[in-house]
Amino acid sequence: MQPTGSRIFIDKQSPKAYHALLQTSETVRATAADAGLDRTLVELVNLRVSQLNRCAYCLDLHTRAALRAGETTQRLGVLAAWRDTAVFTPQERAALALAEVVTDPSDAAAQESAYAAAREVLTDDQVSAVIWVAITINAFNRVSILSKHPVRAAAAQ
């Protein structure tokens, strides 16, 4: 896989650092599972953060992962407007709000609101896991955005 233009694929250029991020991701995925978070909720967080960061590569990757995990196309289609629909559970809504403030922590009031809402419907282990999922996908978003990882056309089915 060759870089686009003058960009280097930093994951290929610095494989030890990238493998450390992959190991972190595996640990975070296990932490989320141990906390009782469903795989679809984790993928919703991955997708919402990737939407906010405009990471096409991660959006493509995690849309496919969400579908494999059993997520519906309807919910994926309205994810960007999750506050305006009733198709998400209170736990999912709390996780999405928390993921948004992890991605853009500049609004202290929004942080407090999201954190308080999350504490009402998620356990402490789940709150921590959601934050770690959001931190990790933010890191992967930056790797892909700054490397300009391409999205390949899907094979015809």
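Everything numeric here is computed off the predicted structure, so don't read it as measured data.

A. Spotlight on the overall build of the protein chain. Looking only at helices and strands, one finds eight helices and zero strands in the protein chain. Mapped in sequence order, the helices and strands of the protein chain form the string α-α-α-α-α-α-α-α. Taking 2.2 N^0.38 as the reference for a compact globule, 157 residues should give roughly 15 Å; the C-alpha atoms of the protein chain span a radius of gyration of 16 Å, in line with that estimate. Projected onto its principal axes, the C-alpha positions of the protein chain cover 45 × 35 × 30 Å. Relative to its full complement of 157 residues, the protein chain shows a buried share of 38%. With the model as given, the accessible surface of the protein chain reaches about 9000 Å², and the carbon-plus-sulfur share is 54%.

B. Quick peek at the pattern of salt bridges. Within this structure, the stated rule accounts for seven salt bridges. Residues glutamate 71 and arginine 75 are paired through a salt bridge, measuring 2.6 Å at the closest nitrogen-oxygen approach. Look at glutamate 71 and you get buried, because its relative accessible area is 7%. Ionic pairing is found between arginine 75 and glutamate 92, a salt bridge with its closest N-O pair at 2.6 Å. Taken together, the positions of arginine 75 in helix H5 (residues 73–78) and glutamate 92 in helix H6 (residues 90–103) put the pair 17 residues apart, joining distant regions of the chain. When its relative accessible area of 12% is taken as the criterion, arginine 75 is described as buried. Residues joined by salt bridges that share partners form a network here, namely Arg48, Arg83 and Glu100.

C. Layout of H6. The end-to-end C-alpha distance of H6 is 20 Å, a good match for the 20 Å that 14 residues give at a rise of 1.5 Å each. Buried residues dominate H6, accounting for 10 of its 14 residues. Taken together, the buried positions of H6 are Glu92, Ala94, Ala95, Leu96, Ala97, Leu98, Ala99, Glu100, Val101 and Thr103. Looking at the buried positions of H6, the neighbouring elements they touch are helix H3 (39–53), H5, helix H7 (108–121) and helix H8 (124–147).

D. Focus on unusual backbone geometry. Although it is not a glycine, arginine 54 sits at a positive phi angle of roughly 60 degrees. Looking at the element boundaries, arginine 54 is found in the loop between H3 and helix H4 (56–68). Positive phi values are uncommon outside glycine, yet lysine 148 reaches one of about 55 degrees. With respect to the secondary-structure elements, lysine 148 resides in the segment after H8.

E. Focus on the packing of H4 against H8. Packing of H4 against H8 brings their axes to within 8 Å, and their N-to-C directions diverge by 125 degrees. One finds that H4 runs oblique with respect to H8. Of the residues in H8, those touching H4 at Tyr57, Cys58 and His62 are Ile137, Phe140, Asn141 and Ser144. Taken together, the residues of the contact of H4 with H8 break down into four nonpolar, three polar and no charged.

F. Seen up close, the environment of alanine 134. Note on placement: alanine 134 falls in helix H8. Each C-alpha atom, one on alanine 134 and one on glycine 36, is 16 Å from the other, the two residues being 98 residues apart in sequence. With residues up to four places along the chain from it excluded, the contact list for alanine 134 reads Val45, Val49, Ala99 and Val102.

G. View of the nonpolar core. Grouped together as the largest cluster of nonpolar side chains are 36 residues, with contacts concentrated most on Leu37, Val45, Leu98 and Val130. If you list the elements that add at least two residues to this core, you get helix H2 (15–34), H3, H4, H6, H7 and H8. Per element, the largest residue contribution to this core is eight residues, and it comes from H8.

Reading the values: rules and limits
- Residues numbered from 1 in each chain as written.
- Predicted model: local features only at pLDDT ≥ 70, side-chain atom pairs only at ≥ 80, totals over all residues.
- Heavy atoms only, no water.
- Helix = DSSP H or I, 4+ residues; strand = E, 2+ residues; numbered from the N terminus.
- Rg over C-alpha atoms; globule rule 2.2 N^0.38 Å.
- Buried < 20%, exposed > 50% of the residue type's maximum accessible area, 1.4 Å probe, protein only.
- Areas by Shrake-Rupley, 256 points an atom, 1.4 Å probe, with all protein chains shown as cover.
- Salt bridge = Lys/Arg side-chain N within 4 Å of Asp/Glu carboxyl O.
- Expected span 1.5 Å × (residues − 1).
- Contact = heavy atoms within 4.5 Å.
- Axes fitted to C-alpha atoms, helices over the stretch in contact; angles between N-to-C directions.
- Parallel < 35°, antiparallel > 145°, perpendicular 65-115°, else oblique.
- Nonpolar A, V, L, I, M, F, W, Y, C, P; charged D, E, K, R; others polar.
- Core = buried A, V, L, I, M, F, W, Y, C linked by side-chain atoms within 4.5 Å.

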